Amino acid sequence: MNFSKKAVFSHEKTAFSLKKILCYNERMKIRKILCILLILCALPALVSCAGGPASASNEEDAAWSKPDEDYLTKLSEQNPADEDAETEQKRVGVAMPTKTSERWINDGMNIKAKLETLGYEVDLQYADDDIDLQVSQIESMIRNGVNCLVIASIDSTRLTDVLAQAKAKGIAVIAYDRLLMDTDAVSYYASFDNKAVGTLIGNYIVEKMDLPGATAAKKSYTIEFFMGSPDDNNAVFLYNGVMEALRPYLDNGALICRSGRTKFEETCILRWSEFTAEERCRKLIEEFYPQGDLDIACSAFDGFAYGILTAWEAKLPNAKLPMITGQDAEKPAIRNLANDKMDMTIYKDTRVLASKCVTMVQALLENGEPEINDTTQYDNNVLTVPSYLCDPVVIDKDNYEEILIKGGYYTREQLFQ
Ligand code: BGC
């Protein structure tokens, strides 16, 4: 067959065009496949974004804090967070005082996890017990446009200016665990029944030392007090609870405080410092108990209990330990209970407190119903702040297993490994 050059050329051209079309189709096919693959890969990430911030870091938080699922479901039914997700994600600034005590680490993680599960963006900051740092952290939260602030103060009277700034910008404020004093910029207060904490400590001493029996037998026990920080309203409530239970026995001589320091001003320890408690205990031993005959160290905080123990073991390594009380049910405190180095502590379930605080955030941001159970006790010198007070629980060697381990607050491994 003879093909003219033109014909050959035109044939080649057609073949070339066909090849081009085929290549183009192939390329399109490949592109389509690539697109599908790309969408499939990106899908999980897109889904997790849309479903709120229950991300990897939250999974750790959730494992630690075990959020109360029923409660969260109820909340999301009442106030579907999705409505907001469609518009703009609301921001909550959470200002915590310090990481030196375990309880605040738990509090921070619990609140963050619960708020994030509901679709809020959370800025959680710790201030190393430095008041100026806490002020500047709150200022920067305000600058960054938070819609609500949750604050556990270091010094409850030193945030008035920054709280006024928040109020001027219409930012809602919740006092977390510690009441914010001298301000009208606070809407709600979520805490534990702080007086009850003191009453439980006092009553434990009354019962375990059988003070009614001691009174009848004209027997006496020695006692010293290590009370909370003077800049923390909770410390005064706790002191009042302790004294309501113990005052009768100080008065009738069943309890003897050799140092004579029984007033709040004489026994409070600034910033809840473990080291100040240790130092104070050393001095008390040197001055009043060189033979190791202190029967009761009435301490308002697990951190103080560690300081007392350190001082005692350094000064009187062979003497019998006094009864030592505490607050917060921290892991080292539970180990001390198990090893007979401490007698009791107060368990404050930070998961419950975080849940109550979240209802307040929702009330302020989504017109929800906050849970309130006290409208009379917490006067901050400007207003009586509507509060939710959770119940504190006594923990000792006999019940920590039942309440803390079986109750899911700690695993045995977390406590003892
Ligand atoms: C809290 C206690 C805590 C103490 C020291 C108080 O405001 O109510 O639970 O032990 O601060 O951190």
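Please read these numbers as outputs of a predicted model, since none were measured by experiment.

Draft legend 1. Inspection of the overall build of the protein at higher detail. Looking only at helices and strands, the protein has 17 helices and 12 strands in total. Within the protein, the proportion of its 417 residues that are buried is 43%.

Draft legend 2. Examining the pairing of strand E4 (residues 172–176) more closely. Burial analysis of E4 places 5 of its 5 residues in the buried class, which makes it a mostly covered element. Because side chains alternate across E4, one face comprises the buried residues Ala172, Ile174 and Tyr176, and the other comprises Val173 and Ala175, equally buried. Pairing of strand E3 (residues 148–151) with E4 involves 4 bridges; the strand directions are parallel. By the bridge assignment, Leu149 is partnered in E4 with Val173. Handedness of the E3-helix H7 (residues 160–168)-E4 crossover: right-handed. With 3 bridges joining them, E4 and strand E5 (residues 188–192) adopt parallel strand pairing. The residue bridging Ala175 from the neighbouring strand is Tyr189, located in E5.

Draft legend 3. Fine view of the site of the ligand. Every residue near the ligand is listed here: Ser101, Arg103, Asp177, Arg178, Asp232, Asn234, Trp272, Phe301, Gln327, Asp328 and Lys348. For the shell around the ligand, a count of residues per class yields 2 nonpolar, 3 polar and 6 charged. Composition of the shell around the ligand by domain shows at least three residues from each of domain 2 (90–186 + 350–390) and domain 3 (194–347).

Draft legend 4. Expanded view of the sheet that holds strand E2 (residues 121–126). A sheet is described by the order of its strands in space; here 6 strands give the open sequence E2-E1-E3-E4-E5-E11, paired in parallel fashion. Each edge of the open sheet carries a strand with a single partner, namely E2 and strand E11 (387–390). Across the sheet, the mean angle from the axis of one strand to that of its neighbour is 15 degrees, orientation sign disregarded. Where strand E1 (residues 91–96) meets E3, 4 bridges bridge the pair, whose relative direction is parallel.

Draft legend 5. Quick peek at helix H13 (residues 302–315). Spanning 14 residues, H13 covers 20 Å between terminal C-alpha atoms, matching the ideal 20 Å at 1.5 Å per step. Here H13 lies mainly inside the structure; 10 of its 14 residues are buried. Buried within H13 we find Asp302, Gly303, Phe304, Ala305, Tyr306, Gly307, Ile308, Leu309, Ala311 and Trp312. Structurally, H13 contributes buried residues whose contacts are with strand E6 (221–226), helix H12 (274–288), strand E8 (296–299), strand E9 (323–324), helix H14 (331–338) and strand E10 (344–347).

Draft legend 6. How the structure looks around the confidence of the model for the protein. With 79% of its residues at a pLDDT of at least 70, the protein reaches an overall mean of 85. Considering only residues more than four positions removed or in separate chains, one finds that residues 1–28, a stretch of pLDDT under 50, has 1 contact. The low-confidence segment residues 38–85 (pLDDT under 50) makes 50 contacts with residues lying over four places distant or belonging to another chain.

Draft legend 7. Just the environment of Tyr188, in detail. When you line up the elements, Tyr188 lands in strand E5. For Tyr188, a count of 24 C-beta atoms within 10 Å puts it in the buried group. Remark: the alpha-carbon pair of Tyr188 and Tyr388, spanning 200 residues in sequence, is separated by 8.2 Å. Excluding its chain neighbours within four sequence positions, the residues that come into contact with Tyr188 are Ile174, Met360, Pro370, Val385 and Pro386.

Draft legend 8. Broad picture of the packing of helix H5 (residues 102–117) against helix H15 (residues 350–366). For the pair H5 and H15, interaxial distance at closest approach is 9 Å and the crossing angle is 45 degrees. Here H15 runs oblique to H5, going by the angle between their axes. Read as a crossing pair, H5 and H15 show a hand that is right-handed. Taking contact as the criterion, the partners of Arg103, Asn106, Asp107, Asn110, Ile111, Lys114 and Leu115 in H5 are, on H15, Thr350, Arg351, Leu353, Ala354, Ser355, Cys357, Val358 and Val361. Of the residues in the contact of H5 with H15, the class split is 7 nonpolar, 4 polar and 4 charged.

Draft legend 9. Layout of the nonpolar core. With 107 residues, the main nonpolar core has Leu149, Val150, Ile151, Ile308 and Cys357 as its most contacted residues. Of the domains in this structure, domain 2 (90–186 + 350–390) and domain 3 (194–347) are the two that each give at least three residues to this core.

Draft legend 10. Focus on the packing of helix H8 (residues 194–208) against helix H10 (residues 233–252). Where H8 meets H10, the axes come as close as 6 Å, and the angle between the chain directions of the two elements is 30 degrees. Read as a crossing pair, H8 and H10 show a hand that is right-handed. Contact with H8, carried on its side by Asn194, Lys195, Ala196, Val197, Gly198, Thr199, Ile201, Gly202, Asn203, Ile205 and Val206, involves Asn234, Phe237, Leu238, Tyr239, Asn240, Gly241, Val242, Glu244, Ala245 and Leu246 of H10 and no other residues of that element. Class assignment of the residues belonging to the contact of H8 with H10 gives a composition of 11 nonpolar, 8 polar and 2 charged.

About the cut-offs
- Residues numbered from 1 in each chain as written.
- Predicted model: local features only at pLDDT ≥ 70, side-chain atom pairs only at ≥ 80, totals over all residues.
- Helix = DSSP H or I, 4+ residues; strand = E, 2+ residues; numbered from the N terminus.
- Buried ≥ 20, exposed ≤ 12 C-beta atoms within 10 Å, placed from the backbone.
- Pairing = 2+ DSSP bridges.
- Right-handed = clockwise from strand over helix to strand, strands pointing away.
- Near = placed C-beta within 6 Å.
- Nonpolar A, V, L, I, M, F, W, Y, C, P; charged D, E, K, R; others polar.
- Domains from an automatic or database assignment.
- Axes fitted to C-alpha atoms, helices over the stretch in contact; angles between N-to-C directions.
- Expected span 1.5 Å × (residues − 1).
- Contact = placed C-beta atoms within 7 Å.
- pLDDT = per-residue confidence, 0-100.
- Parallel < 35°, antiparallel > 145°, perpendicular 65-115°, else oblique.
- Left-handed = near helix turned anticlockwise from the far one by under 90°.
- Core = buried A, V, L, I, M, F, W, Y, C linked by C-beta atoms within 7 Å.

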